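Residues per chain are reported as follows:
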Amino acid sequence: MAFASAFLSVFMLYCFSSLSWAVDVTYDNRAVKIDGERKLLISGSIHYPRSTPEMWPDLISKAKDGGLNTIETYVFWNAHEPIRRQYDFSGRLDLVRFIRTIKEQNLYSILRIGPYVCAEWSYGGFPVWLENLPGIQLRTNNEVYKVIFSCS
């Protein structure tokens, strides 16, 4: 959870403090509600590290033209923290820019914050440095894994 906590803290501080939009997302017994209105989310995936920031507007526009109102993406732990406690959100990894690009086209976004990425991504999105931790077993009820994920 450490990556998730660090990521969410930085992301929310950077992104939401500089944007003038917000939504209240809830649900009732029938639907997702955004700002009190029931919405049908029609979503497709665009994985931001697999394209360049210059490509994002066109990819998102094509998704919108195809009938989507929501873009979802994984958050790739291994890409953002290739070395333990050293984070990278630049270039193709600029998640804030990607989310802003989605918002500019009046679409919703869904972040899939893992930690596991089921998208034919190397090592399932886990950073390789996890393998060097004594006693680690990934994707299990393993104390080493739970501790590193909660306080990395």
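Conventions used here
Residues numbered from 1 in each chain as written. Predicted model: local features only at pLDDT ≥ 70, side-chain atom pairs only at ≥ 80, totals over all residues. Heavy atoms only, no water. Helix = DSSP H or I, 4+ residues; strand = E, 2+ residues; numbered from the N terminus. Contact = heavy atoms within 4.5 Å. Areas by Shrake-Rupley, 256 points an atom, 1.4 Å probe, with all protein chains shown as cover. Buried < 20%, exposed > 50% of the residue type's maximum accessible area, 1.4 Å probe, protein only. Axes fitted to C-alpha atoms, helices over the stretch in contact; angles between N-to-C directions. Parallel < 35°, antiparallel > 145°, perpendicular 65-115°, else oblique. Left-handed = near helix turned anticlockwise from the far one by under 90°. Nonpolar A, V, L, I, M, F, W, Y, C, P; charged D, E, K, R; others polar. Core = buried A, V, L, I, M, F, W, Y, C linked by side-chain atoms within 4.5 Å. Pairing = 2+ DSSP bridges. pLDDT = per-residue confidence, 0-100.

Asker: Help me out: how do you make sense of the overall build of the protein chain in this one?
Answerer: From N to C terminus, the protein chain includes five helices and six strands. Reading the helices (α) and strands (β) of the protein chain from amino to carboxyl end gives α-β-β-β-β-α-β-α-α-β-α. Summarising the internal contacts of the protein chain: among those between residues at least 6 apart in sequence, 69% fall at separations of at least 24. Counting every atom, the protein chain has about 8,900 Å² of accessible surface; 55% of that belongs to carbon and sulfur.

Asker: Would you explain unusual backbone geometry in this entry?
Answerer: For residues besides glycine, phi is generally negative; the peptide bonds are generally trans as well. The backbone of Tyr123 sits at a positive phi, close to 60°, despite the residue not being glycine. Tracing the sequence through the fold places Tyr123 in the loop between β6 (108–112) and α5 (143–151). Backbone geometry places Arg139, a non-glycine residue, at a positive phi of 60°. Assignment of secondary structure puts Arg139 in the loop between β6 and α5.

Asker: Just to check I follow, could you spell out helix α4 (residues 95–104) for this structure?
Answerer: Note on helix geometry: an α-helix contains 3.6 residues per turn, so any two residues three or four positions apart are oriented the same way. For α4, the set of buried residues is Leu95, Val96, Phe98, Ile99, Thr101 and Ile102. At the C-terminal side of α4, Asn106 shows a positive phi close to 60°.

Asker: In this structure, what is going on with the packing of helix α2 (residues 56–65) against α4? I would like to understand it.
Answerer: For any two helices packed against each other, one specifies the crossing angle of their axes together with the interaxial distance. At a minimum axis distance of 10 Å, the contact between α2 and α4 shows a crossing angle of 40°. The angle between the axes of α2 and α4 places the two elements in the oblique class. As α2 packs across α4, the resulting crossing turns out to be right-handed. Where α2 abuts α4, its residues Trp56, Pro57 and Ile60 lie against Arg97, Phe98, Thr101 and Ile102. In terms of residue class, the contact of α2 with α4 is made up of five nonpolar, one polar and one charged.

Asker: So what exactly am I meant to see when it comes to the nonpolar core here?
Answerer: Side chains of nonpolar character tend, in soluble globular proteins, to be buried together. Tyr48, Ile60, Ile71, Phe76, Phe98 and Ile102 are the most contacted members of the largest nonpolar core, which totals 19 residues. In terms of residues, this core owes the most to one element, α4, which gives four residues. Trp77, Trp129, Ile136 and Ile148 belong to the second-largest nonpolar core, a separate cluster that totals eight residues.

Asker: Help me understand the pairing of strand β5 (residues 70–74), please; the structure alone is not making it clear to me.
Answerer: In regular strands, side chains alternate between the two faces of the sheet. With five of its five residues buried, β5 lies for the most part within the structure. Here five bridges tie β5 to β6, and the two strands are oriented parallel to one another. By the bridge assignment, Ile71 is partnered in β6 with Ser109.

Asker: Could you clarify how one ought to interpret the confidence of the model for the protein chain in this entry?
Answerer: Detailed reading of the predicted model is not advised wherever pLDDT is low. Scored by pLDDT, the protein chain has a mean of 85; 83% of the residues are at 70 or more. Across the protein chain, element-level confidence peaks in α2 with a mean pLDDT of 98 and bottoms out in helix α1 (residues 2–17) with 48. A low-confidence stretch, residues 8–20 stays under pLDDT 50, and its non-local contacts, those more than four residues away or across chains, total 14 contacts.

Asker: Hey, could you run me through the sheet that holds strand β4 (residues 43–45) in this one?
Answerer: Paired through their backbone hydrogen bonds, the strands of a sheet run either parallel or antiparallel. On the basis of which strands lie adjacent, the open sheet formed by three strands has the order β4-β5-β6 and parallel pairing. At either end of the open sheet lies a strand with only one pairing partner, and these are β4 and β6. With direction set aside, neighbouring strand axes in the sheet form an average angle of 25°. Pairing of β4 with β5, which is carried by three bridges, proceeds in the parallel orientation. Bridge pairing in β5 places Ser45 opposite Glu72.

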